[in-house]
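# Topology and contacts: notes
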Amino acid sequence: MRVTEFQAPKGVPEYFPPRSAAFLAVREALAYPAEHAGYGYIELPVFEDTALFVRGVGESTDVVSKEMYTFLDRGERSLSLRPEGTAGVMRSIVENRLDKGVLPVKLWYAGPFFRAERPQHGRYRQLQQVGLEAVGGDDPALDAEVIALADEGFKRLGLRQYRLDLTSLGCAQCRPAYRHVLTAFLDTCDLDDATRQRATVNPLRVLDDKRDEVQRQLGDAPLMVDHLCSSCQEHYDAVRGFLSDAGVEWVEAPRLVRGLDYYTRTTFEFTHELLGAQSGIGGGGRYDGLMASVGGSDLSGIGFGLGTDRTLLACEAEGLDVGAGARVDVFIVPIGEAPRHEAVRLLTRLRQAGVRADMAYGGRGVKGSMKAADRSGAPTVVIIGEDEVASRTAQVKNMIDGTQVAVALDSLLDEVQHRAPQEGTS
RNA sequence: GUGGGUGUAGCUCAGCUGGUAGAGCGCCGCGUUGUGGUCGCGGAUGCCGCGGGUUCAAGUCCCGUCACUCACCCCA
């Protein structure tokens with residue numbers, strides 16, 4: 001029902017309490033592995049030169065050809081809201097000469113991305129992602145590290161019902177030849193015009209068509225993994241070896257295709273089984289020519305993007321109460337005007353000491369204030385009335401078991417800190 | 001961009017074949033003096049998405065429109 005004149009733009013998710021706490025927890029969990037593996041944080045612009053995406057991501061991709069929010073600025077320059085993160089990271093690495101320093105350059109980022117698609121469950125026009133890139137090395141152990149870091153993020157949240165699909169898309173050496181073989185095969189299939197059109201743009205895409213009548217014909221389709229050059233084959237074997245060393249489980253997915261043109265060799269995708277049609281919660285892969293295509297040195301890199309929104313949906317689908325818990329440790333209930341001043345002084349002291357605290361505002365009755373205290377979730381409530389002010393004490397109530405004791409105002413901070421959960425346990 | 005579904009209280013929804021609106025949850029208050037969560041009692045809240053049409057009469061039927069939603073496509 002429309003109750004206000006304005007609405008949020010179509011397809012843009014909003015997070016507010018209590019769910020926003022879960023959103024923050026998901027983002028933190030996904031970023032944690034990168035931060036603890038030596039990756040540095042990079043803060044990037046939300047819009048870039050349109051040409052960067054056209055060149056980097058690929059003109060033929062749906063993302064670039066029909067899903068970008070593009071506009072002209074006052075200098076008539078064409079800018080676009082970023083539809084993905086890797087191109088921007090490459091641009092920044094080149095522009096800031098990070099590629100001239102220690103390699104590989106390891107960076108992680110988080111933030112909103114934009115795609116003008118038809119909204120759906122888990123598919124938004126403003127989507128949040130946590131991503132990471134390791135640039136300047138084609139060591140297969142690096143591929144394994146990147147994949148393991150993504151996997152670890154999901155595991156930290158307690159997710160179980162997801163799967164890692166893995167394959168190799170070959171390189172500039174072997175892919176063109178394979179593509180030729182695949183195209184020849186597809187020519188023998190009975191496909192509708194739209195699909196045939198898709199095949200001319202990127203024949204690989206046809207492989208993961210969801211329709212049965214198409215899949216039925218693809219049983220004998222040639223696969224990239226059977227046409228890898230020796231170098232790519234060797235690399236892919238090594239990646240799988242290191243992935244095993246890292247304790248990561250995966251599923252061979254020879255028909256895995258990604259929507260961005262820059263991927264080469266190692267390619268992967270995480271999907272969650274409870275999310276419906278938009279099941280991808282993260283994906284990534286290696287990109288050999290990307291940096292050169294945006295004007296940098298010819299360095300290879302590998303990275304991933306994890307969907308924060310979808311990962312949150314996945315957690316909810318699995319019934320994980322991520323980020324739940326009390327927002328404050330202590331809640332103060334003053335009774336009367338003089339006690340309100342004492343309460344503000346106490347509140348200030350508690351907060352300055354690092355204790356998460358709140359108090360009852362708005363001159364409600366004691367009952368109402370206690371109700372507010374209860375709803376805050378605070379395990380400890382401090383009650384201050386006229387009598388307490390006179391005796392320089394406060395009633396400290398344990399909301400879990402209902403017990404209550406008088407504590408001198410001077411030792412209240414100690415008392416409360418003693419009761420509050422220790423750092424890191426909340 | 002292409003299909004399907006749905007729009008009724010803050011939330012989840014009921015309202016049969018047309019007769020001017022209901023439940024549960026939540027919210028507020030009360031159960032006597034300064035104590036929450038349980039329980040009991042009471043209360044507030046709806047241009048029934050919007051516009052038009054049919055009709056004595058429309059939440060209920062028809063048309064349009066907007067929004068939301070699911071799927072295709074694509075992707076996180």
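Residues numbered from 1 in each chain as written. Chains lettered and ligands numbered in written order. Predicted model: local features only at pLDDT ≥ 70, side-chain atom pairs only at ≥ 80, totals over all residues. Heavy atoms only, no water.

## Description of a positive patch on the surface
Side chains of Arg-364, Lys-367, Lys-371 and Arg-375 sit close together on the surface and give a patch of like positive charge. The topology assignment puts Arg-364 in the loop between strand 13 (357-359) and helix 14 (366-376). (Patch = residues over 30% accessible without salt bridge, like charges linked within 9 Å, V, L, I, M, F, W, Y side chains within 5 Å. Areas by Shrake-Rupley, 256 points an atom, 1.4 Å probe, with all protein chains shown as cover. Salt bridge = Lys/Arg side-chain N within 4 Å of Asp/Glu carboxyl O. Lys, Arg positive; Asp, Glu negative; His and termini not counted. Charge placed at Lys NZ, Arg CZ, Asp CG, Glu CD. Helix = DSSP H or I, 4+ residues; strand = E, 2+ residues; numbered from the N terminus.)

## Thoughts on the packing of helix 2 (residues 50-57) against helix 4 (residues 86-95)
With their axes 9 Å apart at the nearest point, helix 2 and helix 4 run at an angle of 105° to one another. Here helix 2 lies roughly perpendicular to helix 4, going by the angle between them. Between helix 2 and helix 4, the contacting residues are Leu-52, Phe-53 and Val-57 on the first element and Ala-87, Gly-88 and Arg-91 on the second. Here the residues of the contact of helix 2 with helix 4 are counted per class, giving four nonpolar, one polar and one charged. (Axes fitted to C-alpha atoms, helices over the stretch in contact; angles between N-to-C directions. Parallel < 35°, antiparallel > 145°, perpendicular 65-115°, else oblique. Contact = heavy atoms within 4.5 Å. Nonpolar A, V, L, I, M, F, W, Y, C, P; charged D, E, K, R; others polar.)

## Remarks on the pattern of salt bridges
Enumeration over the complete set of coordinates arrives at 20 salt bridges. We note a salt bridge from Arg-91 to Glu-48, for which the minimum N-O separation is 2.5 Å. Note that Arg-91 is positioned in helix 4 and Glu-48 in strand 2 (residues 47-49), a separation of 43 residues in sequence. In this pair, the class of Arg-91 matches that of Glu-48, namely buried. The shortest N-O distance in the salt bridge between Arg-340 and Glu-337 comes to 3.1 Å. Taken together, the residues span about one helical turn, with Arg-340 and Glu-337 both in helix 13 (residues 337-352) at a distance of three residues. Using a relative accessible area of 31% as the deciding quantity, one classes Arg-340 as partly exposed. Salt bridges here are not isolated pairs; linked through shared partners, they connect Glu-48, Arg-91 and Glu-95. (Buried < 20%, exposed > 50% of the residue type's maximum accessible area, 1.4 Å probe, protein only.)

## A few points about the nonpolar core
Phe-268 and Phe-270 are the most contacted members of the largest nonpolar core, which has 63 residues in total. Setting aside its immediate chain neighbours within four residues, Phe-270 contacts Ile-147, Ala-150, Asp-151, Phe-154, Tyr-162, Arg-163, Leu-164, Ser-279, Gly-280, Ile-281 and Gly-282. Phe-53, Val-94, Val-135 and Tyr-262 belong to the second-largest nonpolar core, a separate cluster that totals 28 residues. (Core = buried A, V, L, I, M, F, W, Y, C linked by side-chain atoms within 4.5 Å.)

## Re empty space enclosed by the protein
One pass over the structure, following the stated rule, counts one cavity of 30 Å³ or more. The calculated volume of the largest cavity comes to roughly 30 Å³. Surrounding the largest cavity, Leu-169, Tyr-178, Leu-204, Leu-207, Leu-223, Met-224, Pro-254, Leu-256 and Val-257 form its lining. Counted by class, the lining of the largest cavity contains nine nonpolar, no polar and no charged residues. (1 Å grid on protein atoms, 1.4 Å probe; cavity = no way out; pocket = protein on both sides within 12 Å on 5 of 7 lines; lining within 4 Å. Points joined across faces, edges and corners; volume = space filled by probe spheres on them.)

## A closer look at the sheet that holds strand 5 (residues 105-114)
Reading across from one edge, 1-5-6-11-10-9-7-8 is the order of the eight strands in this open sheet, with mixed pairing throughout. What marks the edges here is a single partner per strand, and that holds for strand 1 (40-41) and strand 8 (251-252). Pairing between strand 5 and strand 6 (residues 126-135): 10 bridges, direction antiparallel. The partner of Pro-112 across the bridge, within strand 6, is Gln-128. (Pairing = 2+ DSSP bridges.)

## Considering the pairing of strand 9 (residues 264-272)
The two faces of a sheet get side chains in turn, since along a regular strand they alternate between them. With nine of its nine residues buried, strand 9 lies for the most part within the structure. Bridge count for strand 7 (residues 162-168) against strand 9 is seven bridges, and the pairing is antiparallel. Looking at strand 9, one finds that Leu-166 is bridged to Phe-268.

## A short note on the domain arrangement of chain A
Parsing chain A into structural domains produces domain 1 (19-174 + 228-317) and domain 2 (330-419). Distance between the C-alpha centres of domain 1 and domain 2: 48 Å. (Domains from an automatic or database assignment.)

## Comments concerning the sheet that holds strand 2
Taken in spatial order, the three strands line up as 2-4-3 in an open sheet, and their pairing is antiparallel. Edge positions in the sheet fall to strand 2 and strand 3 (70-72), since each of these pairs with one other strand and no more. Averaged over all neighbouring strand pairs, the angle between strand axes comes to 35°, with direction disregarded. The pairing of strand 3 with strand 4 (residues 78-81) spans three bridges and is antiparallel. From the neighbouring strand, Thr-70 faces strand 4, where its bridge partner is Ser-80. The sheet strands contacting helix 2 are strand 2, strand 3 and strand 4, and the helix crosses strand 2 at an angle near 80°.

## So, unusual backbone geometry
A cis amide bond links Pro-17 with the next residue in sequence, Pro-18, at an omega value of 0°. Within the fold, Pro-18 resides in the segment before helix 1 (19-35). Its identity is not glycine, yet Glu-76 carries a phi of approximately 65°, on the positive side. Positionally, Glu-76 belongs in the loop between strand 3 and strand 4. On the accessibility criterion, Glu-76 (60% relative accessible area) is exposed. Positive phi, close to 60°, is recorded for Arg-97, a residue that is not glycine. Judged by its relative accessible area of 55%, Arg-97 is exposed.

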